[in-house]
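What follows is the residue order along each chain.
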Amino acid sequence: MIQVIERTFSILEELNLDGEVSLESLARITGLNKGTLCNILRTMIELGYVCRTRNSHYSLTDRFRELARGEISPPGEMEMYRKCVESLAESTGESGVLAVMRGDRIAVVVQAQHQRTLMINPCEIYAALSLYHSVSGRILVSNMHAEERSALCLRTGFPGEEWENISNLVELENECKKIRRSGVSIMENMSDEIIAFAVPVFRPSGQIMSLGLTMPQMRCRGSKRPRIIKLLKEHATMLSQ
């Protein structure tokens, strides 16, 4: 048994049981000396799984609870998501994806692909969506509360080269405002000759999701772009009800 893992989980179990626990109580319950305990707690705080409360006790964060919860959505909702994204893929003839934020990363909820001769490979595109260098990430970040964006940047840093060389909160707020105003995020990759779109989905529960679509540039000329955006927004409205 790896001792540091055993110690870490004993701390997590205690925090889960008691909510807020002082350093002295944790030391007494786990049998760890305060030096070792502080080192483990400091690492878990840096990872975002534990926080210090106002009275200097320790508590699990929402990020840890989301990780422990596992399921992104209940089965009934998942079926509704699947049908809607499949409808989007069929109506556009392209590849669609529904995504959410989990912690500081993007999680794909559902993806669907219309079968045709020339297709974008969604496995490569959606396997590791970038927080800042993807239309889904930009939609989700843009529709956070300003306080959440500020806290996110403290944890992950500013986008920099991944998004218009943004290096401060003022620049980030300006770019997010543009996306909220237009209601859509669009990115073109000239080297891969693909274009991606995403729009926000506002669930009745208050959860914000991103509905996106990726396609070859050659199939997005003339009046096709406005039609794609219109279909995306129509399907996002369905998901928002």
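Residues numbered from 1 in each chain as written. Predicted model: local features only at pLDDT ≥ 70, side-chain atom pairs only at ≥ 80, totals over all residues. Heavy atoms only, no water.

Any segment with low pLDDT has predicted coordinates that should not be analysed in fine detail. Put simply, the protein has an average pLDDT of 87, and 90% of its residues get 70 or more. The weakest mean pLDDT in the protein belongs to helix α6 (residues 122-127) at 44; the strongest belongs to helix α9 (residues 169-182) at 97. Within the model, the stretch residues 117-127 combines pLDDT values under 50 with 27 contacts to residues more than four positions away or in other chains. (pLDDT = per-residue confidence, 0-100. Helix = DSSP H or I, 4+ residues; strand = E, 2+ residues; numbered from the N terminus. Contact = heavy atoms within 4.5 Å.)

For helix α8 (residues 146-156), the complete set of buried residues consists of Arg-149, Leu-152 and Cys-153. Considered in projection along α8, the buried side chains sweep an arc of 100° and stay on one side of the axis. Structural note: α8 exposes Glu-147 and Leu-154 on the side pointing more than 90 degrees away from its buried face. Its buried side turned inward, α8 meets α7 (135-142) and α9. (Buried < 20%, exposed > 50% of the residue type's maximum accessible area, 1.4 Å probe, protein only. Arc of directions from axis to C-beta.)

On to the packing of aromatic side chains. Tallied over the full model, the rule gives two aromatic pairs. Residues Tyr-49 and Phe-64 carry aromatic rings whose centres are separated by 6.2 Å and whose planes lie at 75° to one another, so their mutual orientation is edge-to-face. Separated by 15 residues along the polypeptide, Tyr-49 in the loop between α3 (34-47) and β2 (50-52) and Phe-64 in helix α4 (residues 62-69) bring together distant segments of the chain. Ring centres of Tyr-132 and Trp-163 lie 6.4 Å apart, and the angle between their planes is 35°; on these two criteria the pair is classed as tilted. Placement of Tyr-132 in the loop between α6 and α7 and of Trp-163 in the loop between α8 and α9 is noted, with a sequence separation of 31 residues between them. (Phe/Tyr/Trp six-rings, centres within 6.5 Å; stacked < 30°, edge-to-face > 60°.)

Two numbers describe how α8 lies on α9: the axes approach to 11 Å, and their chain directions differ by 130°. The angle between α8 and α9 places the two elements in the oblique class. In the crossing of α8 with α9, the sense of the turn from one axis to the other is right-handed. Here Ala-146, Arg-149, Ser-150 and Cys-153 of α8 lie close against α9, whose contacting residues are Leu-169, Leu-172, Glu-173, Cys-176 and Arg-180. (Axes fitted to C-alpha atoms, helices over the stretch in contact; angles between N-to-C directions. Parallel < 35°, antiparallel > 145°, perpendicular 65-115°, else oblique. Left-handed = near helix turned anticlockwise from the far one by under 90°.)

When you tally the buried positions in strand β8 (residues 208-216), you get eight out of nine residues, the bulk of the element. Sheet topology note: the strand β4 (residues 95-102)/β8 ladder contains five bridges and is antiparallel. Residue pairing in the sheet places Gly-96 in a bridge with Leu-213 of β8. Between the end of strand β7 (residues 194-202) and the start of β8, which pair antiparallel, lie five residues, with Gly-206 showing a positive phi angle near 100°. (Pairing = 2+ DSSP bridges.)

Within the open sheet, the three strands sit side by side as β1-β3-β2. Their pairing is antiparallel. Two strands lie at the open edges of the sheet, namely β1 (20-21) and β2, each paired on one side alone.

Time to look at the side chain of Ser-25. Tracing the backbone shows Ser-25 in helix α2 (residues 23-30). Accessibility expressed as a relative area gives 19% for Ser-25, which makes it buried.

Ranked by internal contacts, the top residues of the largest apolar core, which has 26 residues, are Leu-98, Phe-197, Leu-211 and Leu-232. Sorting the residues of this core by element identifies α5 (75-92), β4, β5 (105-113), β7, β8 and α10 (224-239) as the ones contributing at least two each. Counting residues in hydrophobic clusters, the runner-up holds 21 residues, among them Met-101, Ile-106, Leu-140 and Cys-153. (Core = buried A, V, L, I, M, F, W, Y, C linked by side-chain atoms within 4.5 Å.)

Another point: the pattern of salt bridges. Considering all chains together, one arrives at 11 salt bridges under this definition. For Glu-24, the salt bridge goes to Lys-34, with nearest N and O atoms at 3.5 Å. With a gap of 10 residues between them, Glu-24 in helix α2 and Lys-34 in helix α3 connect regions that are remote in the sequence. Here Lys-34 falls in the partly exposed class, since its relative accessible area comes to 41%. Across the pair Arg-155 and Asp-104 runs a salt bridge whose closest N-O atoms are separated by 2.7 Å. (Salt bridge = Lys/Arg side-chain N within 4 Å of Asp/Glu carboxyl O.)

Glancing now at α3. In this model α3 runs 20 Å from its N-terminal to its C-terminal C-alpha over 14 residues, within 8% of the 20 Å that 1.5 Å per residue would give. If you check which residues of α3 are buried, you get Leu-37, Ile-40, Leu-41 and Met-44. Looking straight down α3, one finds that the buried residues subtend no more than 95° of arc, so they occupy a single side. One side-chain oxygen of the residue at the start of α3 lies 3.1 Å from the amide nitrogen of Gly-35, identifying that residue as Asn-33. Gly-48, located one to two residues past α3, shows a positive phi value of around 90°. (Expected span 1.5 Å × (residues − 1). Polar contact = N/O pair within 3.5 Å; in protein donor to acceptor, adjacent residues only side chain to side chain.)

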